[in-house]
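Listed here are the chains, written in short residue letters.
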Amino acid sequence: MRIVATQKLPGPTWDDLPDVELLDAWPPREPLPGVEALVAVVARVGSAELERLPDLRLVANYGVGYDTVDVAACRERGVAVTNTPGVLDAAVADLTLALILACRRHLVASDRFVRERRWQHGWAQPELLGNDLAGATLGLVGMGRIGSEVARRAEAFGMKIAFHRRSGGLPLDELLRTADVVSLHVPLTPETRRLISRQRLALLRDGATLVNTARGAIVDEEALVDELVAGRVSAGLDVFADEPLVPERLLDLPNVVLTPHIASATAETRAAMTRVLVENVLAFAAGTALPNEVFG
Ligand code: 8YV
């Protein structure tokens, strides 16, 4: 079976895949007949890309979020799509807590303060005065595997948990109005695109923190930048609407902590994601049921 990958993946199980060809460009410049499986790493797979791979039967997406893959277009052509759920929940939840702590305790600004040799009195500067996690309310938008892991960790810090999800929990607007920290844990779908609109951002309390480790396009990014420039709220952002572009206006703001989509980026988690992806490709090659097929 001919397998191609947009990139080599980390971890020992990668070598369990037989003869993977690494593509030097995505999408391929020329059509590649005979390729049946594609390992896709942050790669857009839509109708145009599928045309270059006329014999494709599997898109194995490296990641739990598969918004870059047009699942409907794949289905139309009889191409199955798999993802890598379950193994990255803890890593994403850890980074979420790290961003919450970094924002609420001005960690990055404090580090900069020391490095810039501005620490000249024993007493912390007023602008570095933070807020307790204990007693603060964390509003989770989405309460699936990752949201639940975030809740578990935040409870250990003494935070009160509120959540919104499709069925149950607080209405979204009420959650946004009442939480001290709002964290997003929903997939990017047509329903969640710009779910956190300009109007909804305006509902956030003064001094609230928005954390996004899900997908940038869930938020109206321009409206968020406006709020952050105004200094009314703070944010911890691991994801952006048009990665790797980060809005220029964010780069000098003290009330934002920025990371380059690293929520799942631990050696252990990335290796586990590779293992799950490889299991799916091997199941496909063996003609057995795909462990993590997604259907749109
Ligand atoms: C990236 C993620 O896909 O799983 C997801 O949905 O966003 C990440 O794990 C991964 O970093 C691919 O590079």
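Small disclaimer: the values here were computed from a predicted structure and weren't measured. (Residues numbered from 1 in each chain as written. Predicted model: local features only at pLDDT ≥ 70, side-chain atom pairs only at ≥ 80, totals over all residues. Heavy atoms only, no water.)

Per the secondary structure count, the protein chain includes nine helices and twelve strands. In summary, the protein chain has a C-alpha radius of gyration of 21 Å against a globular reference of 19 Å for 296 residues, a match within 12%. For the protein chain, the spread of C-alpha atoms along the principal axes amounts to about 65 × 45 × 35 Å. Counting every position in the protein chain, which comprises 296 residues, the buried fraction comes to 48%. Taking all contacts inside the protein chain whose residues are at least 6 apart in sequence as the whole, residues at least 24 apart take part in 60%. When the accessible surface of the protein chain is totalled, it reaches about 14900 Å², and 52% of it is carbon and sulfur. (Helix = DSSP H or I, 4+ residues; strand = E, 2+ residues; numbered from the N terminus. Rg over C-alpha atoms; globule rule 2.2 N^0.38 Å. Buried < 20%, exposed > 50% of the residue type's maximum accessible area, 1.4 Å probe, protein only. Contact = heavy atoms within 4.5 Å. Areas by Shrake-Rupley, 256 points an atom, 1.4 Å probe, with all protein chains shown as cover.)

Quick look at the sheet that holds strand S1 (residues 2-5) now. Taking strand neighbours across the sheet as the criterion, the six strands line up as S2-S1-S3-S4-S5-S12 in an open arrangement whose pairing is mixed. A single partner strand is all that each edge strand has here, and the edge strands are strand S2 (20-22) and strand S12 (293-294). Relative to S12, strand S5 (residues 80-82) runs antiparallel, the two being bridged by two bridges. Within the sheet, the bridge partner assigned to Val 81 lies in S12 and is Val 294. (Pairing = 2+ DSSP bridges.)

Next up on the list: the packing of helix H3 (residues 89-104) against helix H5 (residues 145-156). Two numbers describe how H3 lies on H5: the axes approach to 8 Å, and their chain directions differ by 50 degrees. One way to sum up the angle between H3 and H5 is to call them oblique. In this structure, H3 crosses over H5, and the sense of that crossing is right-handed. The segment H3 lies against H5, with Asp 89, Ala 90, Val 92, Ala 93, Asp 94, Thr 96 and Leu 97 engaging Arg 145, Ile 146, Glu 149, Val 150, Arg 153 and Ala 154. Of the residues in the contact of H3 with H5, the class split is seven nonpolar, one polar and five charged. (Axes fitted to C-alpha atoms, helices over the stretch in contact; angles between N-to-C directions. Parallel < 35°, antiparallel > 145°, perpendicular 65-115°, else oblique. Left-handed = near helix turned anticlockwise from the far one by under 90°. Nonpolar A, V, L, I, M, F, W, Y, C, P; charged D, E, K, R; others polar.)

This brings us to the layout of surface pockets. Of the pockets and cavities examined, the second largest pocket occupies roughly 420 Å³. Going through the elements one at a time, H3, helix H4 (107-115) and strand S11 (256-258) are the ones with two or more residues in the lining of the second largest pocket. Among the residues forming the lining of the second largest pocket, the class breakdown is eleven nonpolar, seven polar and five charged. (1 Å grid on protein atoms, 1.4 Å probe; cavity = no way out; pocket = protein on both sides within 12 Å on 5 of 7 lines; lining within 4 Å. Points joined across faces, edges and corners; volume = space filled by probe spheres on them.)

On to the pattern of salt bridges, then. Using the criterion set out here, one finds 18 salt bridges in the structure. Notably, a salt bridge pairs Arg 77 with Glu 51, separated by 3.6 Å at the nearest N-O pair. Taken as a pair, Arg 77 in the loop between helix H2 (71-76) and S5 and Glu 51 in helix H1 (residues 47-52) lie far apart in primary sequence, 26 residues in all. Among the residues examined, Arg 77 registers a relative accessible area of 34% and is labelled partly exposed. Judged by its relative accessible area of 52%, Glu 51 is exposed. Several salt bridges share partner residues, and in doing so they unite Asp 94, Glu 149, Arg 152 and Arg 153 into one network. (Salt bridge = Lys/Arg side-chain N within 4 Å of Asp/Glu carboxyl O.)

Where a strand is regular, its side chains alternate between the two sheet faces. The side-chain alternation of strand S8 (residues 181-184) yields two buried faces, one formed by Val 181 and Ser 183 and the other by Val 182 and Leu 184. In this sheet, S8 lies alongside strand S6 (residues 137-141) in parallel orientation, the contact comprising four bridges. The residue bridging Leu 138 from the neighbouring strand is Val 181, located in S8.

This part covers the environment of Ala 179. Here Ala 179 is to be found in the loop between helix H6 (172-178) and S8. Relative accessible area serves as the criterion here: at 1%, Ala 179 is assigned to the buried category. For the pair formed by Ala 179 and Leu 138, sequence separation is 41 residues and the distance between their alpha carbons is 5.7 Å. Leave out the neighbours within four places in its chain, and Ala 179 touches Thr 137, Leu 138, Gly 139, Arg 205 and Ala 208.

Moving on, we get to the sheet that holds strand S10 (residues 234-237). The six strands are arranged S7-S6-S8-S9-S10-S11 in an open sheet whose pairing can be described as parallel. If you trace the sheet from one side to the other, it starts and ends with strand S7 (160-164) and S11, each paired once. Strand after strand, the sheet turns through a mean of 15 degrees between neighbouring axes, direction not considered.

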